[in-house]
Structures are given as C-alpha cells and as structure tokens.
Amino acid sequence: PINLDNMHWTSACIFMEEKKIQYYDSMGGSGMVKLKGLLQYLKDEWKAKKKGGELDVCEWELVACTRDTPQQLNGYDCGVFTCMFADFVTKDCEPVFQQQHITQCRQRIALSIMKNCAIE
C-alpha cells in the first residue's frame with residue numbers, strides 16, 4: 001500500500017520473477033513516480049545485499065495504472081480498493097470487482113480480520 005499525502009491509498013506490487021512493478025490506483029493516477037521510486041529501492045537493496053554490482057534496471061518493466069483497473073466512484077473507498085487489489089494479486093488474479101461490490105468487499109475484509117487469516 002502507498003499513501004498519497006494522507007489523502008488517498010494506492011497499491012503497487014513488485015513481481016520479482018517477472019521483473020515487473022505494477023501500480024494500482026482506484027482514482028486512475030499513473031503512479032510512474034512511485035514506480036520509479038520502487039525500482040530505485042530495489043536497485044539500492046540489490047547493491048547493499050549483493051555487496052556490489054548493479055541491478056540491471058533495463059530488464060524491469062514499470063506498469064502504470066491500466067485503464068481496466070477498478071475505479072472508485074466516491075472519495076472514501078480507496079482503502080477498500082487497495083485491500084482488494086492486494087487480495088486479487090496474491091491470488092494471481094486480475095482485479096475484477098467494481099464499486100457496486102464494495103459492500104461485499106468490506107464484509108470479506110472484516111471476515112478475514114475476524115478469522116485472522118486470508119479468505120480463499
């Protein structure tokens with residue numbers, strides 16, 4: 001999760017094996033600045049952990065928020081969207097929910113918290 005100016009939550013996921021960093025924003029922001037920051041973080045960690053050498057950033061793909069990313073229709077559901085982006089990505093699924101599903105999404109998140117585990 002990424003917090004923007006204490007006003008909005010977005011998500012990014014680093015896919016190590018695919019060498020891809022993807023940004024998810026329910027308000028449609030591209031997130032390119034955040035993607036570049038995450039790539040720089042990986043580069044710095046690589047250098048620190050590998051005791052030298054450089055991460056070949058040319059091999060990495062930065063994927064800005066896509067047109068088919070689910071979009072919120074209000075100013076307060078970004079946290080739910082962020083949680084659901086993470087839920088779908090960890091199941092290796094494209095996020096296919098919409099604003100009309102947010103009540104069920106909130107219930108899924110609450111159930112997950114109450115059961116202290118992710119819901120399948």
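Look a little higher up for the structure.
Everything quoted here is computed from the prediction, not taken from an experiment. (Residues numbered from 1 in each chain as written. Predicted model: local features only at pLDDT ≥ 70, side-chain atom pairs only at ≥ 80, totals over all residues. Heavy atoms only, no water.)

Novice: Quick question: what am I supposed to make of the sheet that holds strand β1 (residues 2–4) here?
Specialist: Note on sheets: strands pair through backbone hydrogen bonds, and any given pair is parallel or antiparallel. The sheet built from 4 strands is open, its strands ordered β1-β2-β3-β4 with mixed pairing. The two strands at the open ends of the sheet, each matched to only one other strand, are β1 and β4 (61–63). On average, adjacent strands in this sheet sit at an angle of 20° to one another, irrespective of strand direction. Strand direction decides the pairing type here: β1 and strand β2 (residues 8–15), joined by 3 bridges, are antiparallel. (Pairing = 2+ DSSP bridges. Helix = DSSP H or I, 4+ residues; strand = E, 2+ residues; numbered from the N terminus. Axes fitted to C-alpha atoms, helices over the stretch in contact; angles between N-to-C directions.)

Novice: Looking at this model, I keep getting lost on the packing of helix α2 (residues 78–90) against helix α3 (residues 102–115). Mind explaining?
Specialist: Geometry of a packed helix pair, given as the angle between the helix axes and the separation of the axes. Interhelical geometry of α2 versus α3 gives an angle of 70° and a closest axis separation of 10 Å. Considered as vectors, α2 and α3 are oriented roughly perpendicular to each other. Every pair of crossing elements has a handedness; the one defined by α2 and α3 is left-handed. Counted together, Val80, Phe81, Cys83, Met84 and Asp87 of α2 and Ile102, Cys105, Arg106, Arg108 and Ile109 of α3 form the full contact between these two elements. A breakdown of the residues in the contact of α2 with α3 according to their chemical character gives 7 nonpolar, no polar and 3 charged. (Parallel < 35°, antiparallel > 145°, perpendicular 65-115°, else oblique. Left-handed = near helix turned anticlockwise from the far one by under 90°. Contact = heavy atoms within 4.5 Å. Nonpolar A, V, L, I, M, F, W, Y, C, P; charged D, E, K, R; others polar.)

Novice: So what exactly am I meant to see when it comes to α2 here?
Specialist: Quick reminder: α-helices carry 3.6 residues per turn. Residues three or four places apart thus point the same way. In a regular helix each residue adds 1.5 Å, so 13 residues correspond to 18 Å; α2 covers 18 Å between its end C-alpha atoms and thus fits that length. Those residues of α2 that fall on the buried side of the exposure criterion are Cys78, Val80, Phe81, Thr82, Met84, Phe85, Asp87, Phe88 and Val89. Among the residues trailing α2, Asp92 stands out with phi positive, at a value near 60°. (Expected span 1.5 Å × (residues − 1). Buried < 20%, exposed > 50% of the residue type's maximum accessible area, 1.4 Å probe, protein only.)

Novice: I tried to follow the nonpolar core on my own but got confused; where do I start?
Specialist: Note that soluble globular proteins tend to have their nonpolar side chains buried in a common cluster. The biggest cluster of nonpolar side chains holds 12 residues, and these are Cys13, Phe15, Tyr24, Val80, Phe81, Met84, Phe85, Phe88, Val89, Phe97, Ile102 and Cys105. For this core, the elements supplying multiple residues, two or more each, are β2, α2 and α3. Considering every element that reaches this core, the biggest residue donor is α2, with 6 residues. Look past the residues within four positions of Phe97 in its chain and what remains in contact with it is Pro70, Phe81, Met84, Phe85, Phe88 and Cys105. (Core = buried A, V, L, I, M, F, W, Y, C linked by side-chain atoms within 4.5 Å.)

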